[in-house]
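Commentary on secondary and tertiary structure
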Amino acid sequence: MRRVLMASAAFLGGSFALAHAQTSPINPPSPLEGQYAAPFGAGGNTSNNNNAWGIANTPTGSAAAGPLSTIRAPNTYKVPSPGTIVIHLNGRVEADYSAVFTTADKIKAPNGGYYKLNPQGVASDIRLYFGADGVASNGLRYGAAIEWWQNFYGGTVNSNPNAGSASGSGNTSGQTLFVRKEFAYLASDKVGIVRLGGSEGVIGLMDPCIFSSQCWDVGMGTLNGGGPQAMAPQNGMGVPWVFSSQSGAEYATNKISYLSPQVYGFDFAASFVPSKGNMFADQSYGSPIQNQVCANANPECLTISSGNDPERYINMLGLALRYQKNFGDVDFKTYGLWETSGHENLTTGTYLTPAAVRAAVPGGGANSLLMEYQNFNFYQAGVAVTYSNFTFALDYMGGQVNGQLLLNPVGGTPMDAWVAGVTYMNGPWTFGVMYE
């Protein structure tokens, strides 16, 4: 088992949610002018009122145990009354000061010198959250959610020493906004919720970041892909990070997901992912990873099931069960899940063994597209106990999966990974330690 002790890092961060305009006694705000004064609500949140815990009226967690046990809980936003719809227009700004110390911050140069990173840094990020939650007169819940994220321009340096680096103006002018999640849903208090679109699968639905001990990033992300990881050298943050809870590798694929109501503390989830993307992208030009539209079966088609890319998974199915129970000031949670899939068949060439691939490629490099891959067949399980603002958690992942939701080649070693963590959360303060 590969063991990684996380690099030492300190982060000072803050976030502020922008949802309501200020009130003026002389000129009161008008919704027709894009202004509305109201008590502060949740601010930014992932998805909407029907997030990871299912239907809007399902309670979870224990305030007496600590805030982490109730993170992203339902009823944070106003629940609409029958025949009405509630529209959310929210944003969040994160600003961080970081100090990162790791052995990955220094490397030798070809001429015998070295490159060294400044351990200190300042970062800022925004998220925009749009959503709508409605209730029909017959009690059927429905709605949709959108998340916009900030995209950062990475070309800040030039390998040519005579060219210099880009200015701050050059960096920001390359930034964009992009849609990270978009889905619609139907729900019922007695039946559960069905989502359709780009959103969490069973991993993200079961673990909003608690079991994997990733709730560090002031409400905007997790360790994986969040501020702590982004501001540190990747090799200093336990790469590869195989636990895909709240990661784009899982929620950025379009899928259909179901989450049941809670019954005696139990809830059940299922998700189905036909292909690794959004079908609307299959008929669009201009994508950086797609050269042409899918006029007929060809390598550019998103849903191709036979061709030249056996690394591509298709028809991924996930099933999960979770149990949550409050025992006074102690909150207990546990879950287990299983996922399987198919994969694209190599029909334009012949499968080679790993040894044959290495022998066939000059210099000993491997062409992974000539290898045969196994379907997903992996499982996860976790437990988390919150008491007196401390959360003790353990998450395990095993089976046929490679890294973060990649297919394992035939003959590859099955996954065997775990992460244990302790998180302390009290008001604006969050402290944590984890061992992977």
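Higher on the page you've got the structure.
Everything in this summary refers to the structure shown in the same document.

Definitions and cut-offs
Residues numbered from 1 in each chain as written. Predicted model: local features only at pLDDT ≥ 70, side-chain atom pairs only at ≥ 80, totals over all residues. Heavy atoms only, no water. Helix = DSSP H or I, 4+ residues; strand = E, 2+ residues; numbered from the N terminus. Buried < 20%, exposed > 50% of the residue type's maximum accessible area, 1.4 Å probe, protein only. Contact = heavy atoms within 4.5 Å. Areas by Shrake-Rupley, 256 points an atom, 1.4 Å probe, with all protein chains shown as cover. Disulfide = S-S within 2.5 Å. Core = buried A, V, L, I, M, F, W, Y, C linked by side-chain atoms within 4.5 Å. Pairing = 2+ DSSP bridges. Phe/Tyr/Trp six-rings, centres within 6.5 Å; stacked < 30°, edge-to-face > 60°. Salt bridge = Lys/Arg side-chain N within 4 Å of Asp/Glu carboxyl O.

Moving on to the overall build of the chain. Each helix and strand in the chain was counted, giving 5 helices and 18 strands. The proportion of buried residues among the 436 residues of the chain is 42%. If you take every contact in the chain between residues at least 6 apart in sequence, the share linking residues at least 24 apart comes to 67%. Surface summary for the chain: the accessible area is close to 21900 Å², and the carbon and sulfur share equals 61%.

On to the state of the cysteines, then. Within this structure, the stated rule accounts for 2 disulfides. Linked covalently through their sulfurs, Cys209 and Cys215 form a disulfide whose S-S length is 1.8 Å. Across the S-S bond of Cys209 and Cys215 the torsion is about 100 degrees, and the bridge reads as right-handed. Cys294 shares a disulfide with Cys301; S-S distance 2.1 Å. Handedness of the Cys294-Cys301 disulfide follows from its S-S torsion of about 95 degrees: it is right-handed. Given a relative accessible area of 3%, Cys301 falls into the buried group. Once the disulfide-bonded cysteines of the chain are ranked by sequence position, their pairing pattern turns out to be 1-2, 3-4.

Now for unusual backbone geometry. With the exception of glycine, most residues fall at negative phi, and the peptide bonds are largely trans. The phi torsion at Gln246 lies on the positive side, around 60 degrees, for a residue other than glycine. Examined against the element boundaries, Gln246 turns out to sit in the loop between helix H3 (227–230) and helix H4 (248–251). The phi dihedral of Ser388 falls on the positive side, at around 50 degrees, and the residue is not glycine. On the secondary structure map, Ser388 appears in the loop between strand S15 (377–387) and strand S16 (390–400). In this structure Ser388 comes out as partly exposed when scored by relative accessible area, which is 40%.

A few words on the nonpolar core. Counting residues in hydrophobic clusters, the biggest one holds 42 residues, and the most contacted among them are Phe243, Ala269, Phe376, Phe378 and Met397. Broken down by secondary-structure element, the contributors of at least two residues to this core are strand S7 (176–188), helix H2 (202–206), strand S10 (266–273), strand S12 (313–327), strand S13 (330–343), S15, S16 and strand S17 (415–426). If we skip the residues at most four places from it in the chain, Phe378 touches Ile203, Leu337, Trp338, Glu339, Met397, Gly398, Gly399, Gln400, Val401 and Leu405.

Pairing between strand S5 (residues 120–135) and strand S6 (residues 141–151): 9 bridges, direction antiparallel. When the bridges of S6 are listed, Val135 appears paired with Arg141. Counting the residues between successive antiparallel strands, the hairpin from S5 to S6 contains 5 residues, one of them, Gly139, with a positive phi of roughly 95 degrees. Pairing analysis gives 11 bridges linking S6 to S7, with the strands arranged antiparallel. Following the sheet pairing, Ala144 is matched in S7 by Ala184.

This paragraph deals with the packing of aromatic side chains. If you walk through the whole model with that rule in mind, you get 15 aromatic pairs. Where Tyr313 meets Phe376, the ring centres are 5.0 Å apart and the plane angle is 55 degrees; that geometry is what we call tilted. With Tyr313 in strand S12 and Phe376 in the loop between helix H5 (354–360) and S15, the pair connects residues that are 63 residues apart, well separated along the chain. A relative accessible area of 2% places Tyr313 in the buried class. Classification of Phe376 as buried rests on a relative accessible area of 1%. On the basis of an interplanar angle of 45 degrees and a centroid distance of 5.8 Å, the ring pair of Trp418 and Tyr435 is categorised as tilted. Linking Trp418 in strand S17 with Tyr435 in strand S18 (residues 429–435), this pair joins segments that are 17 residues apart in sequence. Given a relative accessible area of 30%, Tyr435 falls into the partly exposed group.

This part covers the environment of Thr70. Within the fold, Thr70 resides in the loop between strand S1 (8–18) and strand S2 (84–101). Sequence separation of Thr70 and Ile210 is 140 residues, and the distance between their C-alpha atoms is 10.0 Å.

Our focus in this paragraph is the pattern of salt bridges. If you walk through the whole model with that rule in mind, you get 9 salt bridges. Between Lys116 and Asp105 there is a salt bridge, and its shortest N-O distance comes to 3.3 Å. Placement of Lys116 in strand S4 (residues 114–116) and of Asp105 in the loop between S2 and strand S3 (106–108) is noted, with a sequence separation of 11 residues between them. We classify Lys116 as partly exposed; its relative accessible area is 47%. The class of Asp105 is buried, set by a relative accessible area of 14%. The partner of Asp125 in a salt bridge is Arg127, with the nearest N and O atoms 3.5 Å apart. Its relative accessible area of 6% is what places Arg127 among the buried residues. The structure contains a network of salt bridges with shared partners spanning Glu147, Lys181, Arg195 and Glu200.

Below, the discussion takes up the environment of Pro274. Note that Pro274 resides in the loop between S10 and strand S11 (306–307). The partly exposed category is assigned to Pro274, whose relative accessible area is 38%. Pro274 sits 20 residues away from Asn254 along the chain, and the two C-alpha atoms are 8.0 Å apart. The contact partners of Pro274, leaving out residues within four places of it in the chain, are Asn254, Ile314 and Asn315.

All quantities given are derived from atomic positions and should not be read as evidence of function.
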